[in-house]
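What the coordinates show
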Amino acid sequence: MNFTKDEKFLTVQDHAVSKEVFSLFYNRAYDLLLTDPVPAKENLNNYYLSENYISHTDGKRNFFERIYQGIKRIALRRKVDLLFKQNNTVGTLLDIGCGTGDFLVEAKKSGWATTGYEPNEHAFAKAKAKGITLVKKLSELEAHTFDVITLWHVLEHIPNLEEQIVELNRLLKPGGKLIVAVPNYKSYDAVYYKEYWAAFDVPRHLWHFSQSSIPRIFSLFDFTVDELHPMLFDSFYVSLLSEQYKTGKRNWGKALFVGLRSNVEARNTMEYSSLIYCLSKIN
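To keep things clear, this report deals only with the structure shown in the data block. (Residues numbered from 1 in each chain as written. Predicted model: local features only at pLDDT ≥ 70, side-chain atom pairs only at ≥ 80, totals over all residues. Heavy atoms only, no water.)

**Structural notes on the sheet that holds strand β7 (residues 146–152)**
Strand pairing in a sheet is mediated by backbone hydrogen bonds. Such pairs are either parallel or antiparallel. Put simply, the rule is: Only strands joined by at least two bridges in the DSSP assignment are considered to pair. Numbering of helices and strands runs from the N terminus, with a helix taken as a DSSP run of H or I at least four residues long and a strand as a DSSP run of E at least two residues long. Contact between two residues is taken to exist if any of their heavy atoms lie within 4.5 Å; hydrogens are not considered. Helix axes use the C-alpha atoms of the stretch in contact, all axes being lines fitted to C-alpha atoms, and the angles between their N-to-C directions lie in the range 0 to 180 degrees.
The strand order β6-β5-β4-β7-β8-β11-β10 describes an open sheet built from seven strands, whose pairing is mixed. Sheet topology places β6 (134–135) and β10 (223–230) at the edges, where each strand pairs with a single neighbour. Strands in contact with helix α5 (residues 161–171) are β4 (92–96), β7, β8 (172–183), β10 and β11 (274–281); relative to β8, the strand with the most contacts, it is inclined by about 140°.

Next up, the structure:
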């Protein structure tokens, strides 16, 4: 795969942690954006060292975090429902980038045989304390083990995209299902907030996908996209963070308006703030 940097798209600051500035380059072949420079592997974890990196905590320290955790509970139930729709029954499930493990806890309650992988040590410890079966390396797992593999806002973080997709192919059973959720840089909220759009989240997000990116890339590895679903809450959450980055304030009213408009604009185009891709392994 050739991820050329065909033209510069935008300059974006890491508003959340380092305050460093990065460039986004457009790749024409896959209709995606690439973060540049990519931090060295040994330094990448430093960009996650923040108490405000909410997906690695179970925090309810303030009103914003309490809302996030409340919405997360609703989203977890919807994710488990989607598992059943894709697989028609319970089975073996691997969640890559499982964070603090709440999705796997919910899936396990519903009868799934669950396994998680989480590279962040802090989140790993929280998940393990909840009784989740975890692995340190995906290479520990046997080939063709899982009926379903999920990556909820994880693919955009992975440095070696091609290597990861090959591994997904190895781990899935023939005909297995892959569920991938990623932000969409062509959504209304992304276009509105531009360099302040929180879902760029450089340099933790190394890849920035459009609707055409996922089918183009995964078709090279014997996957086909079956269904596409919106993540309706994401536009509101991302807009709240984006308002803070842009103005220094949450501006709840403005953010909720932008989030709502983003969802309304996407009804016909499917250009939602985040999208869930349901894929099947062909062979």
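Back to the write-up after that little detour.
**Focus: the packing of aromatic side chains**
Going by this rule: Side-chain rings of Phe, Tyr and Trp (the six-membered ring for Trp) are treated as a pair once their centres are within 6.5 Å; stacked means planes under 30 degrees apart, edge-to-face means over 60, and tilted covers the remaining angles. Only protein chains enter the accessibility calculation, which uses a 1.4 Å probe. A residue is then buried if its area is under 20% of the maximum for its type, exposed if over 50%, and partly exposed in between. Two limits define a charge over a ring: the Lys NZ or Arg CZ must be within 6 Å of the ring centre, and within 35 degrees of the ring normal.
The tally for this structure, following the rule as stated, stands at ten aromatic pairs. When the ring of F3 is compared with that of Y30, the centres are 5.3 Å apart and the planes differ by 50°; the resulting orientation is tilted. Pair noted here: F3 is in the segment before β1 (7–13) and Y30 is in the loop between β2 (21–27) and β3 (32–36), with a separation of 27 residues, a long-range link. The pair F3 / Y30 is uniform in exposure class, with both members buried. Centre to centre, the rings of F22 and Y47 are 6.3 Å apart; their planes meet at 75°, and the pair counts as edge-to-face. Here Y47 lies in the loop between α1 (41–44) and α2 (63–87) and F22 lies in strand β2, a separation of 25 residues in the sequence. Three or more aromatic residues link up through ring pairs in this structure, and these residues are F3, Y30 and W207. Just above the ring of F25 sits the side chain of K5; from NZ or CZ to the centre is 6.0 Å. Positioned over the ring face of F124 is K136, at 4.2 Å from the centre of the ring.

**Focus on the environment of K126**
On the secondary structure map, K126 appears in helix α4 (residues 121–129). Judged by its relative accessible area of 29%, K126 is partly exposed. Spatially, the C-alpha atoms of K126 and T100 are 5.3 Å apart, while their sequence positions differ by 26 residues.

**Some remarks on the environment of Y185**
Going by this rule: Counting of polar contacts relies on pairs of N or O atoms within 3.5 Å, with two restrictions inside protein: one atom must be capable of donating a hydrogen and the other of accepting it, and residues adjacent in sequence are counted only when both atoms are side-chain atoms.
On the secondary structure map, Y185 appears in the loop between β8 and α6 (188–193). In this structure the side chain of Y185 is engaged in a polar contact, spanning 3.1 Å, whose partner is the backbone oxygen of D31.

**Some thoughts on the pairing of strand β5 (residues 113–117)**
Keep this limit in mind: Note on handedness: a clockwise path from strand one over the helix to strand two, with the strands aimed away from the viewer, defines a right-handed crossover.
The buried count for β5 comes to four of five residues, which makes it a mostly enclosed element. In this region the chain leaves β4, passes through helix α3 (residues 102–109) and returns to the parallel neighbour β5; the handedness of that crossover is right-handed. Summarising the sheet, β5 and β6 pair through two bridges and their orientation is parallel. Bridging from a neighbouring strand, G116 pairs with L134 of β6. Read as a crossover between parallel neighbours, the route from β5 over α4 to β6 is right-handed.

**Quick look at α4**
As a reminder of what qualifies: Directions are taken from the helix axis to each C-beta atom, and the arc is the one they span.
Of the residues making up α4, those classed as buried are A123, F124 and A127. All buried residues of α4 fall inside an arc of 105° around its axis, so they share one side. The outward face of α4, more than 90 degrees from its buried face, is lined by the exposed residues E121, K128 and A129. Its side-chain oxygen at 3.1 Å from the backbone nitrogen of H122, N120 defines the N-terminal cap of α4.

**Quick word on the side chain of T35**
Its location among the elements puts T35 in strand β3. Only 2.7 Å separates the side chain of T35 from the backbone oxygen of H205, close enough to count as a polar contact. Engagement of the side chain of T35 in a polar contact is seen with the side chain of H208, the distance being 2.8 Å.

**With respect to the packing of helix α8 (residues 234–247) against helix α9 (residues 252–269)**
Threshold: With respect to orientation, any angle under 35 degrees is reported as roughly parallel, any angle over 145 as roughly antiparallel, any angle of 65 to 115 as roughly perpendicular, and every other angle as oblique. Here a crossing is called left-handed whenever its near helix is offset anticlockwise from the far helix by less than a right angle, and right-handed whenever the offset is clockwise.
At a minimum axis distance of 8 Å, the contact between α8 and α9 shows a crossing angle of 140°. Between α8 and α9, the angle falls in the class oblique. Pair α8 / α9 crosses with right-handed handedness. On α9, the residues touching S235, F236, S239, L240 and E243 of α8 are W252, K254, A255, L256, V258, G259, L260, S262 and N263.

**With respect to the nonpolar core**
Selection criterion: Working definition of a nonpolar core: buried Ala, Val, Leu, Ile, Met, Phe, Trp, Tyr and Cys residues. They are joined through side-chain atoms within 4.5 Å.
Membership of the largest hydrophobic core comes to 37 residues, with the highest contact counts inside it found for I149, L151, L155, L178 and F218. Taken together, the elements giving at least two residues each to this core come down to β3, β4, β7, α5, β8, α7 (213–218) and β11. Look past the residues within four positions of I149 in its chain and what remains in contact with it is L94, I96, L168, L171, L172, K177, L178 and I179. Counting 21 residues, the second-largest nonpolar core is a separate cluster that includes L76, V80, L134 and I179.

**Re unusual backbone geometry**
In this structure, the amide linkage connecting D36 to the following residue, P37, adopts the cis form with an omega of 0°. Structurally, the position occupied by P37 is in the loop between β3 and α1. The step from V202 to P203 runs through a cis peptide bond, and the omega angle for that step is -5°. Along the chain, P203 turns up in the loop between α6 and β9 (207–208). In this model, N88 sits at a positive phi of 70°, which is unusual for a non-glycine residue. Inspection of the secondary structure puts N88 in the loop between α2 and β4.

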